[in-house]
Amino acid sequence: MEALARTFDLMCVTFDTTGRILDLSPVARDSLELGVGDTVPGHLPDYLGSATHETLDWLFGPPAGEPLELALVSRQGRPRWWQAMLLSVDRDGEDGARRMLVARDLTGEIAAKQADKSRRRWQRIIVDVSRALSGTPAECYREALDRVLGLVGQGLRADRLFLMQKEQDAAAPEKSLSWSVQDADPMTATLDTTAFAGCDRLQAALVSGSPFIIPDADALSRDADRIAEITCMGRRGCRAILFAPLLSRGYVTGCIVAESVAARPEWDDLPESEWRTVVEILSESLIRERKGQELQLERERLREAQALARLGYWDWDPEIGLATWSEGTEDLLGLDPARCGSLSDLLSVFEGSDSTALELACVQALANDAQVDMELRWARRGPGDVVGRASGWAHVQARVVHRPHGEGRVLRGNILDISGLKENETRAQAAHARLRHLIASAPIVVYVQQVDGDRLVPEYASDNLRTVFGHETDDLGDSAWWQRNVHPSDFDRVARRTREILQEGHFVGEYRILDSQGSYHWVYEEGNLLRDPDGRPSEVVGIWLDVTGRKEAEAATEASERRYRDLVENAPALICRFGPDLRFRFVNRTLAEYLSRDPADLIGACWLDYLLEDQRAAYQRDIASLSPDQPFGTHELRILRADRRVRWQVWSERAFFDEHGNLVEIQAVGRDNTDLREAQSQLVQAAKLATLGEMTTSVAHEMNQPLNVIRMAVYNARRSVLANRVDPGALLGKLERVEHQVARAAQIVDHMRVFGRKSHVQRQPFDPVEPLQDAVALLGEQLRIHGIRLDWTPPGTSRKVLGHPDQLEQILMNLVINARDAILGKGARGRQGREAQPWVRVEMEDDPQHRSVVIRVRDGGGGVPESLLDRVFEPFFTTKEVGQGTGLGLSIGFGIIKDMGGSIRVENEEHGACFTIQLPGCEDPATTSPEGRVAES
């Protein structure tokens, strides 16, 4: 059998019942790609690939006489097909029963059958592809292309298929690798050339137009030169890939890319002719589509160009009497959308006389083989096919065109909308007319002088030279005329005029010219040198403008400014200007003397440096808050002078802004307010002393109580000493009572002394509860003497306010004393309802909504007459009898509360009046200013 196998080139494989291979013929070794010295490996089923149960049963079952076709796969993974017979071999005592597989090679026959089958399948695909792409409208091309790619993908058994079309690149279309992606399958994967960056073989194939196929990436795993390709395919998730460039005239226009997650060895055996046909069909289809798109784009560009240029074309064939026109002509003149008709239809849009003239010119051009070149007025057709009024101008040109082979002549022309040009001409003519009128009516002389060596020869001067100055054009060329008529002080300036024009090409100057009536006119002259095409000076064109009125106005303005400057400099008010940075730009003499500085030294100095430190931040914020809608501000400031004395000033500011709303400058006017401030301080002090005077009785009573206690304690101690009955413990208790009463008297005296002291100038944050308690302590005994109950309950919490505690105490004492007087003076005891004792109530509460403190003083004194409620805070107004009160207490209190930023009001309630004080809270403590280290003026 082995000899027979060698004779007929058969494969013999001997194996045992377990499938272990015992012997191989040379043909079998070649099929499995085993060397001569290689040992027999493994078992036969290992080489059968994906063997079915039927194949295994055939191998290991009873020997059958029927042959079987099977595939053996080599060590390198390459399969070969065989037609096999199974024979039994005599038993061997050691190895057991053996079998022999004898097979004939069918690989070539099967490959031929598969190739034929593949060709027939691809021929059907070619027919389907041709049908899908033939005659497809442009709007349906993409849909048809998707179907075609689906057919190709199914033919390749690919998992993904892409069509990559190369973009146009005018610089180097054959080398451009910039691609746009069109997905072929209804899958989500996309593709671009960056996915294959680094694959040199692929890039070279795409440039050269050669196909590039990797049927099995696993087979390349041992090739170090193919690492880049294997890596790219791994990222793509595919095992097989195919690139088929689309060529047109030797250039790559696109590429078909197929990907498969399984190995596709059959891609190496694609039918070359049929596959080339598919690629050519797709390539030609893409080229036709691109050319169609380019043609459509060119048509659109032509239409756009005609529309932008307002241009149209037309033809007239006299033999058949037919006129045709382009879409641009239709849009321009409003003609029939059919774009054809008679010559009369084309001429009907022109006005009557122009239409007749154009028709005659067309007939003459055909008769004389001449051209038509006319500018005509046209009108659009309106409703009812009626030509409206002239709506523009058209430039009509035409020439005779001879048809080939002597088939006649056609008049071919174009129509250009020149309405804009005509309109510009009309405007230019009107502008020229206006300019001539303006030159004639304005005090201006336009002149032209020719250059003759180093001389200027007058050529033209407008009529105003005569009407304004009374001189003639020829006078300008006479040097003696210039000497006679130019003001002597200006002659040197005029003498340089000719030299400057010829050397620098320009002259601007002002000088005085004597007119024919003997009066001087100020003249503004501006002249420019013009040169010929060779660059040589040719003429001078310029103007004379009579600026006498402006010069007189400037002189008057300058005189007015001098008077205003003198007024500001010498005004008794303090005047300055400063920028957004608060640095002085102007300081009048009065303010400079006030600050003991020279005005020049103050320019550039900062205004904040002269303010007390506790006012600087607030003043800077107030200035920054000024706006175009609220440009005014008023401030009362304390100024630190050079002699280290503090002065009060009242300032009014006015801010100026540019067109964008940015602060440009602040102008400020101020006056010294120190005397008024000192008078107010003295008035407040006098009111405090008056309040102290009214409290004499209660204070004396308060002082009398500790003195009586002291006197009784001393008397008892003296008696005990004289009686020789001194008890140290009792004596010590009496001394402690004496000490306590002395401290109480000292406290009353200290409180009266502090209250009577003059207030500090600087405001400070303080708790308003403290002055309320002090006022209640001082006045409680006095009201008790008069049988009046003073109610006061300190609040649980309170916020600080900014001001002077002694002044707030003064206001509260004044309000309580007024309430006392109202109760005592009007017999209020009988008007308090069921209450047996008159009362005054002091209340205080926090207002978190307004961040303020509210203080109320209520009484049962019957209230203020309604007619007098609006006058209670007026100076010198009082409801008390003559000789009782000054009428200044409430007025001074009103001013103090206002300075603290608060308010005070009065209203009548059921039993009496209620005064309400509201003070803003102070969150941050005030900073200490240098004011405490300087003397008050």
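Residues numbered from 1 in each chain as written. Predicted model: local features only at pLDDT ≥ 70, side-chain atom pairs only at ≥ 80, totals over all residues. Heavy atoms only, no water.

Moving on, we get to the overall build of the protein. Within the protein, the secondary structure is distributed over 26 helices and 34 strands. The buried share of the protein, taken over its 937 residues, is 40%. Across the protein, contacts joining residues at least 24 apart in sequence account for 55% of those joining residues at least 6 apart. (Helix = DSSP H or I, 4+ residues; strand = E, 2+ residues; numbered from the N terminus. Buried < 20%, exposed > 50% of the residue type's maximum accessible area, 1.4 Å probe, protein only. Contact = heavy atoms within 4.5 Å.)

Here we come to helix α25 (residues 805–825). Taking 1.5 Å per residue as the helical rise, α25 with its 21 residues ought to reach 30 Å, and the 30 Å between its terminal C-alpha atoms agrees with that figure. Most of α25 sits inside the fold, with 15 of its 21 residues counted as buried. (Expected span 1.5 Å × (residues − 1).)

So, on to the pattern of salt bridges. Counted by the stated rule, this structure contains 40 salt bridges. Glu423 serves as the salt-bridge partner of Arg427, at 2.5 Å between the closest nitrogen and oxygen. On the criterion of helical spacing, the pair formed by Arg427 and Glu423 is a turn pair, its members being four residues apart in helix α12 (residues 419–441). On the basis of relative accessible area, Glu423 is assigned to the partly exposed category, the value being 39%. For Glu500, the salt bridge identified is with Arg496, shortest N-O distance 3.8 Å. (Salt bridge = Lys/Arg side-chain N within 4 Å of Asp/Glu carboxyl O.)

Now for the nonpolar core. Ranked by size, the top nonpolar core spans 42 residues in total, and within it Leu812, Val840, Ile855 and Ile917 carry the most contacts. Contributing elements (two or more residues each) for this core: α24 (769–785), β28 (789–792), α25, β30 (839–847), β31 (852–859), α26 (889–899), β32 (903–908) and β33 (913–920). At nine residues, α25 tops the list of elements feeding residues into this core. If you look at the next biggest cluster of nonpolar residues, it comprises 30 residues, including Trp122, Leu156, Leu246 and Leu270. (Core = buried A, V, L, I, M, F, W, Y, C linked by side-chain atoms within 4.5 Å.)

For the coordinates displayed, the defined rule picks out nine aromatic pairs. Between Trp122 and Trp275, the aromatic rings sit 5.3 Å apart at their centres with planes inclined by 80 degrees, giving edge-to-face as the arrangement. Separated by 153 residues along the polypeptide, Trp122 in helix α4 (residues 107–133) and Trp275 in helix α8 (residues 272–309) bring together distant segments of the chain. Side by side, Trp122 and Trp275 carry an identical accessibility label, which is buried. Judged by centre distance (5.9 Å) and plane angle (85 degrees), the ring pair of Trp482 and Trp544 falls under edge-to-face. One end of the pair, Trp482, is in helix α14 (residues 479–485); the other, Trp544, is in strand β21 (residues 537–546), with 62 residues separating them in the sequence. (Phe/Tyr/Trp six-rings, centres within 6.5 Å; stacked < 30°, edge-to-face > 60°.)

As a further point, take the side chain of Thr916. Here Thr916 lies in strand β33. Excluding its chain neighbours within four sequence positions, the residues that come into contact with Thr916 are Val854, Ile855, Arg856, Ser903, Ile904, Arg905 and Glu907.

Turning our attention to the pairing of strand β2 (residues 21–24). Where strand β1 (residues 11–16) and β2 come together, three bridges link them in antiparallel fashion. When the bridges of β2 are listed, Val13 appears paired with Leu24. The antiparallel hairpin formed by β1 and β2 contains four residues in its connecting segment, where Gly19 sits at a positive phi of about 90 degrees. (Pairing = 2+ DSSP bridges.)

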